[in-house]
Every structure is written in structure tokens, then in C-alpha cells.
Amino acid sequence: GVIGAGVWRSEEIRFMKLGDEVSVGGYTITLDRIDEREGANFFAETAYFSIGNGRRHLRKMSAERRFYPVRGMLTTEAGIWTSLKGDLYLTLGADNPETGHVVRAWYNPFAVWLWIGSGMIAVGGIVAAVPRKKKAAVKTPSVNPVVKAT
């Protein structure tokens, strides 16, 4: 897990407009649409993406950027897809009317295996710490050595 997540990790940062595609980790990511909405105390832009692998459509994902005017704070909600093959992350950045939104996509292969391996180690530690029943001692007949008289 550690080697896969470090060696084969890939990342792309691009300006994207509607319909643009970017490839990362063997996946093709298409920006489908961006919606704006107003919450109780924030303004949000939500980007919707289609994820494919060249042969077929796999899933939809979304990422959001929020602005809280009272505090003047900007936050990002990443879109995350976790599978046994790896994790795909998408974030939405600033908008430029000429070039589009900044989209950051990165893929960490085998990331979930870090958790699975840690869980296996923990289970092994628990099993090793549990006291075991002692086996009943098996009585063996005593053997008297034969001594020859001379």
C-alpha cells in the first residue's frame, strides 16, 4: 500500500471549462456543469464531473467551493471516490472567465490497502494477546533404568 500510494501517484492541475477533459490514473474526468447556490450563511459553486476509463462511464462525482462572507473564509469540499484500486480526489478552485475553473485531480493507487494492512496488523496483535488455554499435561509412564549387577 505504501509503495503503491507513493510511487504510482499521479496528479493534474488544469483550467477547465464545461466539456473539458483531463486524464489521471487511467481515468478520464469530464467537467459536466457548475451550479451556483446560496446557503444560509455561504455562497457555493458545485462542479459535477463524469468519470470514465476510456471504455465506459463509471460514475459521477462533485466537488464544491464555498465562501462564507461573515468571516471572509473560502473552503473546498473535495469529491472522493475510494475503491480497492485506489482513491480519486477532485477539487474545484478559482474561476477565471477566460480560462475556466482550476480543477485539481489526483489519484492515489492502493491507498485503501494502507487501512486494510493496518487492520490486519491490529487483528494479529489482538489474537496474539488473547490468553490461550493450556494443554493438559500428558502423563508418560516412568521408565526405570535397568541396572546390571556385575
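As a starting point, this report considers the structure included with it.

Definitions and limits used
Residues numbered from 1 in each chain as written. Predicted model: local features only at pLDDT ≥ 70, side-chain atom pairs only at ≥ 80, totals over all residues. Heavy atoms only, no water. Phe/Tyr/Trp six-rings, centres within 6.5 Å; stacked < 30°, edge-to-face > 60°. Helix = DSSP H or I, 4+ residues; strand = E, 2+ residues; numbered from the N terminus. Buried < 20%, exposed > 50% of the residue type's maximum accessible area, 1.4 Å probe, protein only. Lys NZ or Arg CZ within 6 Å of the ring centre and 35° of its normal.

**Things to note about the packing of aromatic side chains**
Line of reasoning, step 1. Within the structure shown, the criterion is met by four aromatic pairs.
Line of reasoning, step 2. Relative to tryptophan 106, the ring of tyrosine 89 lies with its centre 5.4 Å away and its plane at 20°, an arrangement referred to as stacked. Taken together, the positions of tyrosine 89 in strand S8 (residues 86-96) and tryptophan 106 in strand S9 (residues 100-109) put the pair 17 residues apart, joining distant regions of the chain. Side by side, tyrosine 89 and tryptophan 106 carry an identical accessibility label, which is buried.
Line of reasoning, step 3. Aromatic rings pair up to connect Tyr27, Trp81 and Tyr107 into one cluster.
Line of reasoning, step 4. In this arrangement the basic side chain of arginine 33 is found over the ring face of tyrosine 48, its NZ or CZ atom lying 3.9 Å from the centre.
Line of reasoning, step 5. Over the face of the ring belonging to tryptophan 106 we find arginine 104, whose NZ or CZ atom lies 4.2 Å from the ring centre.

**Section: the environment of arginine 55**
Line of reasoning, step 1. Within the secondary structure layout, arginine 55 lies in the loop between strand S4 (43-52) and strand S5 (57-68).
Line of reasoning, step 2. Using a relative accessible area of 72% as the deciding quantity, one classes arginine 55 as exposed.
Line of reasoning, step 3. Residues arginine 55 and threonine 28, spaced 27 residues apart in sequence, show a C-alpha to C-alpha distance of 9.9 Å.

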